[in-house]
Amino acid sequence: MSMEVDVDGPVALQARPQNAATILCCNCGIPIDGTTSAGALCPSCLALSVDASAGIQREGVLHFCKDCDRWLSPPAQWLVAQPESRELLALCLRRLRGLSKVRLVDANFVWTEPHSRRIRVRLTVQMEAPGSGGGGGGGVGGANGGDAGPTIVQQTFEVEFVVATQQCPDCAKSYTHNAWRAVVQARQHVPHKRTFLFLEQLILKAGAHRDAVNIKEAPDGIDFFFGARNHAEKFVDFLASVAPVRVTKSQELISMDVHTSAKSYKFSFAVEIVPLCKDDLVALPLKLARKIGNIYPITLCSRVGTAVQLLHPDTLQTADLQAHEFWHAPFAPLADTRQLVEFVVLDVEPVRLAPNAAQPNAAAVGAAKFLPALATVAKASDLGVNDTTYDVCTHLGALLKPGDSALGYHLANSNFNSDELAAVEAHRSLSAQLPDVVLVKKHYARKKKGGGRQRRNWKLRRMQVQEERAAAAAEQQQGGRAAGRGRGAAEDAVRMEQDFEMFLRDVEEDQELRNMLALYKAENKARKGGGERMEVEKAEPEEEEEESGSEGEEDGGLEIPMEQLLDEFEDMNMEDQ
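Residues numbered from 1 in each chain as written. Predicted model: local features only at pLDDT ≥ 70, side-chain atom pairs only at ≥ 80, totals over all residues. Heavy atoms only, no water.

For the protein, the name recorded in an unreviewed UniProt entry is 60S ribosomal export protein NMD3, with Lineolata rhizophorae as its organism. What UniProt states about the protein under its Sequence similarities (unreviewed entry) heading is, verbatim, "Belongs to the NMD3 family." Entered under Function (unreviewed entry) in the UniProt record, the comment concerning the protein runs "Acts as an adapter for the XPO1/CRM1-mediated export of the 60S ribosomal subunit." (UniProt positions renumbered as here; feature names shortened; annotations may be inferred.)

Now the structure itself:
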């Protein structure tokens, strides 16, 4: 009897399962597929017996230049990287040999003592276990018939780097004489240094001096030395963007290869700043005065930027004198701040400008300190001696009140050797408008204990500048003129100290000037060491109590608010360039 089944479709025959070659792990004894296992070990035992970090160095050395805070990236590249930054981590990973043989999963820094000169990095890597490639066997139990993937071994370990100091080539050039390639010689032929003190703060705020290999003080300015020509050109462009200058370029052939015609030059950039400073009394040539807006020739220099802003105190008319216009017909200021005389204000009366008078600049009228007024003043040294008074048209109507003191130029009692002033006096209509007194700014009386410098609640950063006279005096200590040089250096130091004090007072009195600078909060205690170049000024309440009357109120208003000051970070060196 036969059994036949009629079906309309194909019949699928189920294959009988094949038994895999199963063995036991030699360590833990669990069954594994013998055809795919490596070394008769299960995946767990295999991961414990394989070292994924084999071949990767556990120690390394990083070279650091402590002069410019840069790290060496072999063979000859120096990088800027902050502690525990991504750039420093990438540099550490590039210094490890054998890291390309594994897969990097994670990397981070491990905290170390900052002064230990050690950097520790924790790494997590993965690699395929040797002999664990996919085959026809099953998984851990060896019952599956599919292909098993390779066994991935993951391991975490730490690498320690030793930080070794090494001087970079750029810093080595800064300590070597005549190793520069370009020099910028900034000069201003004036008897004070207030302009360069202002430029110093702008340079520090913008960081324009970072590429300089050396900075040296000269009699009429400062020399900036650079290792590359493009760095010097960049610095010259910065100076031209903040001050009215005239640039002269020259080059000197150092060496030449006669076979390849390769030449080596040293470049010099002479940057001459217009010799007009803030609060200077200026007598313009008549032709130039008509050209820049028909302003009265006797004016005050109210501000110096990319152009010199001149102000006529009587009408508040302003005019901008560009650098190329000045150098086309240069002239010297009629008087500077060293010739200021103290006057006592007896009466102040605001005035209105005539409708047909020259209209002042909108910026001048908007400023609170520029308000036209008619003031009656007397020379402070004449009080109790004579009754001579002067009626003055001034722009300080918003600041002065009876009883205040003001600084100004006494033209009626002065002799000037100026062709421009002689031309004004010879003119028929202009000579009638020549004032006897020109008030410049309000005078704030300051009293100091023991004759020392007034202490303030703020401070400024300073650049480390090599003083040429001090260096020459040190070299000539054995010579007969060493004592004379020492006296000259002492006189220069006293003069520089006076100029810096005048600059600090200008910062206190001028809000517009403070907005352009970076002021830092002064610490309660002076720094230990390096205090000669650190200018720390802190106000003492006892000094304010000593002042009486309106003087105490005025001096209290000169204190800079704390919200306008910046915090000093612990890692900021106020003496560094």
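Visitor: Teacher, can you tell me more about the environment of T156 here?
Guide: Of note, T156 is situated in strand β8 (residues 152–165). Measuring from C-alpha to C-alpha, the distance between T156 and A52 comes to 8.9 Å, with 104 residues separating the pair along the chain. Aside from chain neighbours lying at most four places away, what touches T156 is R122, L123 and T124. Within polar-contact distance, the side chain of T156 engages the side chain of T124 at 3.2 Å. (Helix = DSSP H or I, 4+ residues; strand = E, 2+ residues; numbered from the N terminus. Contact = heavy atoms within 4.5 Å. Polar contact = N/O pair within 3.5 Å; in protein donor to acceptor, adjacent residues only side chain to side chain.)

Visitor: Can you walk me through the nonpolar core in this structure?
Guide: One broad trend across soluble globular proteins is that nonpolar side chains are buried collectively. Within the largest apolar cluster, 40 residues are counted, with the highest numbers of intra-cluster contacts made by V184, F224, L239, W458, V507, L517 and L519. Of all the secondary structure elements, the ones that give two or more residues to this core are β9 (182–187), α4 (194–206), β10 (212–218), β11 (221–226), α5 (229–242), β13 (263–273), β23 (458–460) and α11 (482–509). The element that contributes the greatest number of residues to this core is α4, accounting for 7 residues. Two domains each donate at least three residues to this core, and these are domain 3 (185–272) and domain 5 (502–520 + 563–576). (Core = buried A, V, L, I, M, F, W, Y, C linked by side-chain atoms within 4.5 Å. Buried < 20%, exposed > 50% of the residue type's maximum accessible area, 1.4 Å probe, protein only. Domains from an automatic or database assignment.)

Visitor: Would you mind showing me how to read the state of the cysteines here?
Guide: A covalent bond between the sulfur atoms of two cysteines is what we call a disulfide. Summed over the entire model, instances satisfying the criterion amount to 0 disulfides. Here C277 stays free of any disulfide, with the sulfur of C301 as its closest cysteine sulfur at 7.3 Å. (Disulfide = S-S within 2.5 Å.)

Visitor: Would you explain the packing of aromatic side chains in this entry?
Guide: Where two aromatic rings form a pair, the distance of their centres and the angle of their planes describe that pair. For the coordinates displayed, the defined rule picks out 8 aromatic pairs. Seen from their ring centres, F64 and W71 are 4.7 Å apart, and the 50° between their planes marks the pair as tilted. Both residues of the pair, F64 and W71, belong to the buried class. The structure contains a cluster of three or more aromatic residues connected by ring pairs, namely F224, F226, F235 and F238. (Phe/Tyr/Trp six-rings, centres within 6.5 Å; stacked < 30°, edge-to-face > 60°.)

Visitor: So what exactly am I meant to see when it comes to the sheet that holds strand β3 (residues 59–65) here?
Guide: What links the strands of a sheet is backbone hydrogen bonding, and the strands pair in either a parallel or an antiparallel sense. Sheet architecture is open: 6 strands sit in the order β5-β4-β3-β8-β7-β6, paired in mixed fashion. The sheet is open, and its two borders are formed by β5 (77–80) and β6 (103–110), each paired with just one other strand. Here the strands of the sheet are splayed against their neighbours by 35° on average, with no regard to which way each runs. Bridge analysis of strand β7 (residues 118–128) against β8 gives 11 bridges, and the strand direction is antiparallel. Looking at the pairing, T124 lines up with T156 of β8. (Pairing = 2+ DSSP bridges. Axes fitted to C-alpha atoms, helices over the stretch in contact; angles between N-to-C directions.)

Visitor: Honestly, the sheet that holds strand β16 (residues 308–312) in this entry has me stumped. Any pointers?
Guide: With respect to topology, 4 strands assemble into an open sheet ordered β14-β15-β16-β17, the strand pairing being antiparallel. Whereas interior strands pair on both sides, the edge strands pair on one side only; in this sheet they are β14 (281–283) and β17 (317–321). Strand-to-strand twist in this sheet, taken as the mean axis angle between neighbours without regard to direction, amounts to 40°. Across 5 bridges, β16 lies against β17 in antiparallel orientation. Pairing of V308 across the sheet is with L321, part of β17.

Visitor: Quick question: what am I supposed to make of the environment of W71 here?
Guide: Residue position: W71 is located in strand β4 (residues 70–73). In the structure, W71 is positioned 92 residues away from V163 in sequence and 9.6 Å away in space, judged by C-alpha atoms. With residues up to four places along the chain from it excluded, the contact list for W71 reads L62, H63, F64, Q77, W78, L79, A81, L88, L91, I119 and V163. Polar contacts involving the side chain of W71 include one to the main-chain carbonyl oxygen of A81, which spans 3.2 Å.

Visitor: Would you take a moment to explain helix α9 (residues 419–426) for this structure?
Guide: Along an α-helix, a turn takes 3.6 residues, which lines up residues three or four apart on a common side. Where α9 is concerned, the buried positions are E420, L421 and V424. Along α9, the residues classed as buried sweep out an arc of 95° about the axis, all on the same side. Exposed positions of α9 whose direction lies more than 90 degrees from the buried face are D419 and A426. Next to the buried residues of α9 lie β14, α6 (286–291) and β15 (298–304). (Arc of directions from axis to C-beta.)

Visitor: What should I look at first to understand the pattern of salt bridges in this one?
Guide: Pairing between side chains of opposite charge can happen when their charged atoms approach one another. One pass over the structure, following the stated rule, counts 19 salt bridges. For D506, the salt bridge identified is with R194, shortest N-O distance 3.1 Å. On the criterion of sequence distance, the pair formed by D506 in helix α11 and R194 in helix α4 is long-range, its members being 312 residues apart. R194 matches D506 in its accessibility class, with the two residues each being buried. Of the charged contacts in the structure, one is a salt bridge between E512 and R303, with a shortest N-O distance of 3.8 Å. Linking E512 in helix α12 (residues 511–515) with R303 in strand β15, this pair joins segments that are 209 residues apart in sequence. The network of salt bridges with common partners includes R194, K278, D279, K441, D506 and D510. (Salt bridge = Lys/Arg side-chain N within 4 Å of Asp/Glu carboxyl O.)

Visitor: What am I meant to see in α4 here?
Guide: Between the first and last C-alpha of α4 there are 19 Å, a value that for 13 residues agrees with the 18 Å anticipated at 1.5 Å per step. Burial runs high along α4: 11 of the 13 residues are buried. By the burial criterion, the buried members of α4 are R194, T195, F196, L197, F198, L199, E200, Q201, L202, I203 and L204. Following α4 by one or two positions, G207 has its phi on the positive side, about 65°. (Expected span 1.5 Å × (residues − 1).)

Visitor: Any chance you could explain the pairing of strand β19 (residues 373–379) here in plain terms?
Guide: In summary, the side chains of a regular strand alternate between the two faces of the sheet. With respect to burial, β19 is a largely interior element, 5 of its 7 residues being buried. Sheet topology note: the strand β18 (residues 341–350)/β19 ladder contains 7 bridges and is antiparallel. Residue V345 lies in a different strand from β19, and its bridge partner there is V377. Direction of pairing for β19 relative to strand β20 (residues 390–394): antiparallel, over a ladder of 5 bridges. Among the inter-strand pairings, A373 is bridged to a residue of β20, identified as T394.

Visitor: Explanation requested: the side chain of E200 in the structure shown.
Guide: You can see E200 is positioned in helix α4. A polar atom in the side chain of E200 sits 3.1 Å from the side chain of R462. E200 has contacts with R461, R462 and M463, leaving out every residue within four places of it along the chain.

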